[in-house]
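A look at the structure
Chain by chain, the residues:
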Amino acid sequence: MISTSDDGNAPGQGIFRVIPRSHHSISRKNISNGALRVLYRLHEAGFRACLVGGAVRDLLLGNRPKDFDVATAATPEQVRTLFRNCRLIGRRFRLAHVVFGREIVEVATFRGSSDDGSGDRHLVDGRLVRDNVYGTIEEDALRRDFTINALYYDIADFSVLDAVGGMDDLQQRQLRLIGDPQQRYREDPVRMLRAARLAAKLDFSIEAATAAPFAQLGELLCEAAPARLFDESLKLFLGGYGLASLHALERHGLLEHVFPATARALQAADAAQFRALLEQTLANTDARVREDKPVTPAFLFAAMLWGPVRQRAQLGIDHGVDAATAWSQAVERVLREQAQRVAIPRRFTLAVEEIWALQARFEQRTRKRALRLLEHPRFRAAYDFLVMRSGESPELEELARWWTHLQSLGRDELVQELAGAATSAPEPTAAPAVKRKRPRRRRRKGKATPAPAAEGAE
Ligand code: ATP
Ligand code: MG
């Protein structure tokens, strides 16, 4: 339980309110061994050392922290001399990583607020592109994003230090930006996404003044580094609370700045099927994360961009482009446009393209093709995606059931089952077939389901 008693106010702690060990719920037994070793070693070497950020917040809420971050007066170089298992990383934020087997403890030096030009702080148009000016713990607290992320657990006496009212906001279950929201978002627009993500993760509200600038400043997200937005997207959607994140982003009008085509497709008149597919995908992903099962960014992006790619392909078809061409143009365009916001690494976009391209091949139920598809390295992901799509039509639902059935069979049963299948490809239910050697030139109308990939479709 959180105690907000003021009894523990100790002199000499500057702007901090000190909550003594007896008045808060953080116990060392819930702190990882690695983090404790880092904290104690720094402390013994004479450096102030505190647990900080998400770990303190999560421990006070009774949740298990994902990882443990340490803030200290020691510089990264000093940290390195104390730990053999240490590497220095980062340019924008220089940090030390101390490695204990599978655990990595991130150690950051207290950041300062004053900038006399001697330190390594760099602003471009009000945006922080580098922040390596070191300072006091008080200054460090004020430079953090939300009040609930600016609480320190001091290893010296096991007290919690609060300079910004973070304890009260934890109790009120709200996210409040430290300082002037306009300025803080201009310094780093990604803080808007962090607000939505943490609200989703913790089931907190975003305090009014913290949410107010979203409408006006959301478009600053276009200027955020696409590589950083990729990292943030994974945290939003693969962190175990992806569905809540989607809803938070939509509610706060932020989705359109990171996934503009997805936001538009979710607003379209016929969005119901796409919304169902995306929400089901995110719900399943959340469940997998809870069960410690692996999740893949490719599947996530295949779902996020499925509505847009279908919409775009249909537009081409409506303009008389043949289905196969319309489809490949749509894939290229949707992925290219998305890449301007979020730098999805090539290996993932290739997998997305494959998951999409395989959709049409599920419709070819001949023995040879079915057997071949079952052995395709991307079969599993593509099949899972087919299942997600089964709400699109009764035919697809039946198709997904058939493929589910096939996989339940042993090798002999499978051969027997497929012996009854046609030996030549039947007319697919929705996607027009494309022959590799003789591409169909004739324009034809069709539905915007993917044409089979020319390669590999025999
Ligand atoms: P999670 O539990 O999802 O990891 P977190 O709050 O720990 O959430 P991190 O990205 O690990 O998030 O950041 C650790 C801490 O660093 C935050 O709690 C916050 O104090 C500070 N921080 C992170 N990003 C920013 C930012 N963009 N601006 C200011 N402070 C930040
Ligand atoms: Mg963290």
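Residues numbered from 1 in each chain as written. Chains lettered and ligands numbered in written order. Predicted model: local features only at pLDDT ≥ 70, side-chain atom pairs only at ≥ 80, totals over all residues. Heavy atoms only, no water.

On to the overall build of the protein, then. In terms of regular secondary structure, the protein is built from 22 helices and 12 strands. Split into buried and exposed, the 458 residues of the protein put 50% on the buried side. Considering only residue pairs separated by 6 or more positions, the protein has 66% of its internal contacts joining residues 24 or more positions apart. A total accessible area of about 21600 Å² is found for the protein, and carbon and sulfur atoms account for 49% of it. (Helix = DSSP H or I, 4+ residues; strand = E, 2+ residues; numbered from the N terminus. Buried < 20%, exposed > 50% of the residue type's maximum accessible area, 1.4 Å probe, protein only. Contact = heavy atoms within 4.5 Å. Areas by Shrake-Rupley, 256 points an atom, 1.4 Å probe, with all protein chains shown as cover.)

With respect to the helices and strands, Leu-249 occurs in helix H11 (residues 242–251). When its relative accessible area of 1% is taken as the criterion, Leu-249 is described as buried. When the C-alpha positions of Leu-249 and Ala-199 are compared, they lie 9.9 Å apart, and in sequence the two are 50 residues distant.

Opposite charge on two side chains allows them to pair when their charged atoms are near. Under the criterion given, the structure shown has 24 salt bridges. Among the ionic pairs, Arg-336 bridges to Glu-332, the shortest N-O distance being 3.0 Å. In this pair, Arg-336 and Glu-332 both sit in helix H17 (residues 323–341), 4 residues apart, roughly one turn of the helix. Arg-365 is the partner of Glu-398 in a salt bridge, and the nearest nitrogen-oxygen pair spans 2.6 Å. (Salt bridge = Lys/Arg side-chain N within 4 Å of Asp/Glu carboxyl O.)

Attention now moves to the sheet that holds strand E1 (residues 17–19). The strand order across the open sheet built from 8 strands is E1-E10-E9-E2-E3-E6-E5-E4, with neighbouring strands paired in mixed fashion. Sheet topology places E1 and strand E4 (86–89) at the edges, where each strand pairs with a single neighbour. Averaged over all neighbouring strand pairs, the angle between strand axes comes to 30°, with direction disregarded. The pairing of strand E5 (residues 95–100) with strand E6 (residues 103–109) spans 5 bridges and is antiparallel. Each residue of the ladder has a partner; that of Ala-96, found in E6, is Val-107. (Pairing = 2+ DSSP bridges. Axes fitted to C-alpha atoms, helices over the stretch in contact; angles between N-to-C directions.)

Around ligand 1 lies a shell of 17 residues, among which Arg-57, Asp-188, Arg-191, Arg-197 and Lys-201 are the nearest. At 3.0 Å from an oxygen atom of ligand 1 is found a side-chain nitrogen or oxygen belonging to Lys-66. Arg-194 is positioned such that a nitrogen or oxygen atom in its side chain is 2.9 Å from an oxygen atom of ligand 1. Burial of ligand 1 by the surrounding chains reaches 86%, relative to a free accessible area of 590 Å². Mapped onto the shell around ligand 1, the elements with two or more residues apiece are helix H2 (54–60), helix H7 (190–202) and helix H10 (226–237). Considering every element that reaches the shell around ligand 1, the biggest residue donor is H7, with 4 residues. (Near = heavy atom within 4 Å. Polar contact = N/O pair within 3.5 Å; in protein donor to acceptor, adjacent residues only side chain to side chain.)

Right, let's talk about the side chain of Asp-188 for a bit. Position of Asp-188 among the secondary structure elements: in the loop between helix H6 (181–187) and H7. Among all residues touching Asp-188, those that are not within four sequence positions of it are Arg-92 and Arg-228.

Take the confidence of the model for the protein next. Per-residue confidence for the protein averages 88 on the pLDDT scale, and 86% of its residues sit at or above 70. Predicted confidence is poor over residues 425–440, with pLDDT under 50, and the contacts of this stretch with residues over four places away or in other chains come to 28 contacts. (pLDDT = per-residue confidence, 0-100.)

Turning our attention to the nonpolar core. By size, the foremost hydrophobic cluster in this structure holds 100 residues, and its most contacted members are Leu-51 and Trp-356. Considering every element that reaches this core, the biggest residue donor is H7, with 9 residues. If you count residues domain by domain, this core takes at least three from each of domain 1 (17–172) and domain 2 (259–441). Core analysis: the next-biggest nonpolar cluster, separate from the first, contains 17 residues, Phe-362, Leu-399, Leu-409 and Leu-414 among them. (Core = buried A, V, L, I, M, F, W, Y, C linked by side-chain atoms within 4.5 Å. Domains from an automatic or database assignment.)

Further remarks concern the packing of helix H15 (residues 297–304) against helix H18 (residues 346–361). With their axes 8 Å apart at the nearest point, H15 and H18 run at an angle of 60° to one another. If you check the angle between H15 and H18, you find them oblique. Helix-helix and strand crossings are classified by hand; for H15 and H18 the assignment is right-handed. Across the interface between the two elements, Pro-297, Ala-298, Phe-299, Phe-301 and Ala-302 of H15 pack against Phe-348, Ala-351, Val-352, Ile-355 and Trp-356 of H18. Broken down by class, the residue content of the contact of H15 with H18 amounts to 10 nonpolar, no polar and no charged. (Parallel < 35°, antiparallel > 145°, perpendicular 65-115°, else oblique. Left-handed = near helix turned anticlockwise from the far one by under 90°. Nonpolar A, V, L, I, M, F, W, Y, C, P; charged D, E, K, R; others polar.)

To continue, consider H11. Taken as a whole, H11 has its buried residues at Gly-242, Ser-245, Leu-246, Ala-248 and Leu-249. Each buried residue of H11 lies within a common arc of 165° when the element is viewed along its axis, so the set occupies one face. Contacts from the buried residues of H11 go to H7, H10, helix H12 (255–258), helix H13 (260–267) and helix H14 (272–290). Positioned one or two residues after H11, Gly-253 has a phi angle of 65°, which is positive. (Arc of directions from axis to C-beta.)

The next point concerns the packing of aromatic side chains. Counted by the stated rule, this structure contains 16 aromatic pairs. Summarising the aromatic geometry, the rings of Trp-306 and Trp-356 are spaced 6.3 Å apart at their centres and angled 50° between planes, so their arrangement reads as tilted. Of the two residues, Trp-306 sits in helix H16 (residues 306–318) while Trp-356 sits in helix H18, which places them 50 residues apart along the sequence. Under the relative-accessibility criterion, Trp-306 is labelled buried at 2%. Put simply, the rings of Phe-230, Phe-237, Phe-259, Phe-301 and Phe-348 pair up and form one aromatic cluster. Lying across the ring of Phe-158, Arg-28 places its NZ or CZ 3.8 Å from the centre. The lysine or arginine in question, Arg-365, covers the ring of Trp-402, its NZ or CZ lying 4.8 Å from the ring centre. (Phe/Tyr/Trp six-rings, centres within 6.5 Å; stacked < 30°, edge-to-face > 60°. Lys NZ or Arg CZ within 6 Å of the ring centre and 35° of its normal.)

Let's shift gears to H14. An ideal rise of 1.5 Å per residue puts 27 Å on 19 residues; H14 measures up with 27 Å between its terminal C-alpha atoms. For H14, every residue scored as buried is listed here: Phe-274, Leu-277, Leu-278, Thr-281, Leu-282, Thr-285 and Asp-286. Viewed end-on, H14 has its buried residues packed into an arc of 165°, placing them on one side of the element. Facing away from the buried side of H14 by more than 90 degrees, the exposed set consists of Ala-272 and Arg-290. For H14, the elements touching its buried residues are H10, H11, H13, H15, H16 and helix H20 (379–389). Directly beyond the C-terminal end of H14, a positive phi value near 65° is found at Asp-292. (Expected span 1.5 Å × (residues − 1).)

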